[in-house]
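Tertiary structure, described
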Amino acid sequence: MEPLHEGDPDAVDGWQIVGRLWSSGSITAFKATNGAVSSELQFLQFDAATAEAMREAFHEEVNRVAALGQGRMPSVLAWSFGDGHAWLAMEYVPGQNLGDRVASRGPLGSAQWDELAECLVSSLDEVHAAGIVHRDVTPASIILAEGGPRLTGLGVAQVAADAGMPTAAVFSRALMWLSPEQIEGAQATSDSDLFSAGSTLSLAATGRQPWGPMGTPTAEVIDRIVRSAPDTTGLSYEQLRLISALTAKDSSFRSMNLEVIRAGGSVIELQTEIPVALPEKSDAVLEPAPEPAVSTARALTKAPVAMHPLEQPRDLTVRSRRNLTIAGAAAALAVFALGAFFIL
């Protein structure tokens with residue numbers, strides 16, 4: 001948490017502002033308190049030209065998020081829509097975020113990684129079933145709370161995107177975690193969330209940025225996301241299969257892979273992908289396909305999954321089905337040329 005900046009409010013409709021949690025474009029998230037209750041208060045500013053679209057998107061998103069109830073996701077505490085601004089107070093989840101944890105202590109152990117995979121996929125199941133696209137699945141949005149990992153990050157960022165605010169202004173902090181179709185300028189979908197989850201799980205397993213180390217030029221990061229597989233050096237057999245399934249370049253493959261897992265099906269070979277030899281399983285023992293009663297997320301780390309073979313960075317011919325090109329990556333780069341040419 002950061003100290004408040006000059007011009008930040010001291011209070012918002014009875015919520016006392018304690019400090020800044022994050023900011024992106026016209027959105028600032030504060031830690032706020034109201035009596036004994038703590039919240040992540042997301043404050044969004046907009047101009048008159050977008051007010052009507054913002055009002056509609058805001059009410060729809062708040063209703064969808066509130067309908068999630070008391071599940072794995074933080075709950076809605078309060079909200080308001082005003083003249084030139086709106087705010088949403090979500091349950092505050094104390095704890096270290098995944099990105100900070102990996103930066104300070106390295107990759108998660110296998111048991112912690114399994115728990116994270118279960119939480120992330122189950123949480124996205126819940127979100128997608130409510131008709132919500134998260135759009136911001138990143139290590140920063142996963143809090144390693146006392147009771148286990150929690151996926152946060154729902155709120156006004158989704159409202160801003162639905163209302164047509166520039167994507168780069170809202171998500172410039174999350175380039176490393178975007179999907180190929182988002183890079184190309186397409187609308188984010190639930191399958192885009194799955195790709196971001198795969199990238200996030202890769203960081204958690206390896207301790208390394210999935211699409212290039214810190215300082216990699218933005219154009220190269222974009223090219224790797226669109227054309228290459230994430231850095232999978234050192235992954236266990238089970239981690240490799242799940243991450244490969246989620247980071248398939250063709251968005252339709254990702255949800256299909258999860259359906260295969262839920263059905264307890266065998267490994268399938270995805271079309272237009274080049275087969276690759278998988279690492280030895282060493283002493284790992286694969287469990288048989290689970291019965292339907294077994295949690296889907298647990299199955300993700302143990303049962304056979306469909307996956308796209310790993311592509312060699314910058315050498316692999318791009319699949320014809322997606323028809324991805326360097327020109328497409330260059331066009332995407334223009335979207336993110338708002339100041340930084342390096343991922344910091």
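About the thresholds
- Residues numbered from 1 in each chain as written.
- Predicted model: local features only at pLDDT ≥ 70, side-chain atom pairs only at ≥ 80, totals over all residues.
- Heavy atoms only, no water.
- Helix = DSSP H or I, 4+ residues; strand = E, 2+ residues; numbered from the N terminus.
- Buried < 20%, exposed > 50% of the residue type's maximum accessible area, 1.4 Å probe, protein only.
- Polar contact = N/O pair within 3.5 Å; in protein donor to acceptor, adjacent residues only side chain to side chain.
- Phe/Tyr/Trp six-rings, centres within 6.5 Å; stacked < 30°, edge-to-face > 60°.
- Pairing = 2+ DSSP bridges.
- pLDDT = per-residue confidence, 0-100.
- Contact = heavy atoms within 4.5 Å.
- Expected span 1.5 Å × (residues − 1).
- Arc of directions from axis to C-beta.
- Axes fitted to C-alpha atoms, helices over the stretch in contact; angles between N-to-C directions.
- Parallel < 35°, antiparallel > 145°, perpendicular 65-115°, else oblique.
- Left-handed = near helix turned anticlockwise from the far one by under 90°.
- Nonpolar A, V, L, I, M, F, W, Y, C, P; charged D, E, K, R; others polar.
- Salt bridge = Lys/Arg side-chain N within 4 Å of Asp/Glu carboxyl O.

Glancing now at the side chain of Lys-249. On the secondary structure map, Lys-249 appears in the loop between α9 (237-246) and α10 (251-262). Since its relative accessible area comes to 1%, Lys-249 is described here as buried. Side-chain polar atoms of Lys-249 contact the backbone oxygen of Ile-225, separated by 2.7 Å.

Moving on, we get to the packing of aromatic side chains. Inspection of the entire model under this criterion finds four aromatic pairs. For the ring pair Phe-46 and Phe-81, a centre distance of 5.3 Å and an interplane angle of 25° mean the geometry is stacked. Placement of Phe-46 in the loop between β4 (37-45) and α1 (51-66) and of Phe-81 in strand β5 (residues 76-81) is noted, with a sequence separation of 35 residues between them. Neither Phe-46 nor Phe-81 differs from the other in exposure class; each is buried. Ring centres of Phe-58 and Trp-79 lie 5.8 Å apart, and the angle between their planes is 65°; this geometry places the pair in the edge-to-face category. Taken together, the residues span a long stretch of sequence, with Phe-58 in helix α1 and Trp-79 in strand β5 at a distance of 21 residues.

Both strand β8 (residues 142-145) and strand β9 (residues 148-151) contribute to a ladder of four bridges, which runs antiparallel. Along β9, the bridge assignment pairs Ile-142 with Leu-151. Joining the antiparallel neighbours β8 and β9 is a turn of two residues.

Predicted confidence across the protein chain gives a mean pLDDT of 77, with 70% of residues reaching 70 or more. Contacts from residues 303-327, a stretch scored under 50 in pLDDT, to residues over four places away or in other chains number 73 contacts.

With that settled, the discussion passes to helix α8 (residues 218-227). Burial analysis of α8 places seven of its 10 residues in the buried class, which makes it a mostly covered element. Buried residues of α8: Thr-218, Val-221, Ile-222, Asp-223, Ile-225, Val-226 and Arg-227, and no others.

On to α1, then. With 16 residues, α1 extends 22 Å from end C-alpha to end C-alpha; this agrees with the ideal 22 Å at 1.5 Å per step. Of the positions making up α1, those classed as buried are Met-54, Ala-57, Phe-58, Glu-61, Val-62 and Val-65. Here the buried residues of α1 occupy an arc of 130° about the axis, which is enough to place them on one side. Facing away from the buried side of α1 by more than 90 degrees, the exposed set consists of Glu-52, Glu-56 and Asn-63.

This part takes up the sheet that holds β4. What the six strands build is an open sheet, ordered β1-β2-β3-β4-β6-β5; its pairing is antiparallel. Edge positions in the open sheet fall to β1 (11-12) and β5, since each of these has one partner strand only. As paired strands, β5 and strand β6 (residues 85-91) are joined by five bridges and run antiparallel to one another. If you follow Trp-79 over to β6, its bridge partner there is Leu-88. In the packing of α1 onto the sheet, the strands contacted are β4, β5 and β6, and the crossing angle to β5 comes to about 165°.

Between two packed helices, both the angle of their axes relative to each other and the distance between the axes serve to describe the pair. Relative orientation of the contacting elements helix α7 (residues 190-206) and α9 amounts to 150°, with a least axis distance of 7 Å. The angle between α7 and α9 falls in the class roughly antiparallel. For the pair α7 and α9, the sense of crossing is left-handed. Judged by residue contacts, Leu-194, Phe-195, Ala-197, Gly-198, Leu-201, Ser-202 and Ala-205 of α7 engage Gln-239, Leu-242, Ile-243 and Leu-246 from α9. Residue composition of the contact of α7 with α9, by class: eight nonpolar, three polar and no charged.

Here the structure, examined in full by the defined rule, presents seven salt bridges. Across the pair Asp-223 and Arg-227 runs a salt bridge whose closest N-O atoms are separated by 3.6 Å. With Asp-223 and Arg-227 both in helix α8 and four residues apart, the pair spans about one turn of that helix. Each of the two residues, Asp-223 as well as Arg-227, counts as buried.

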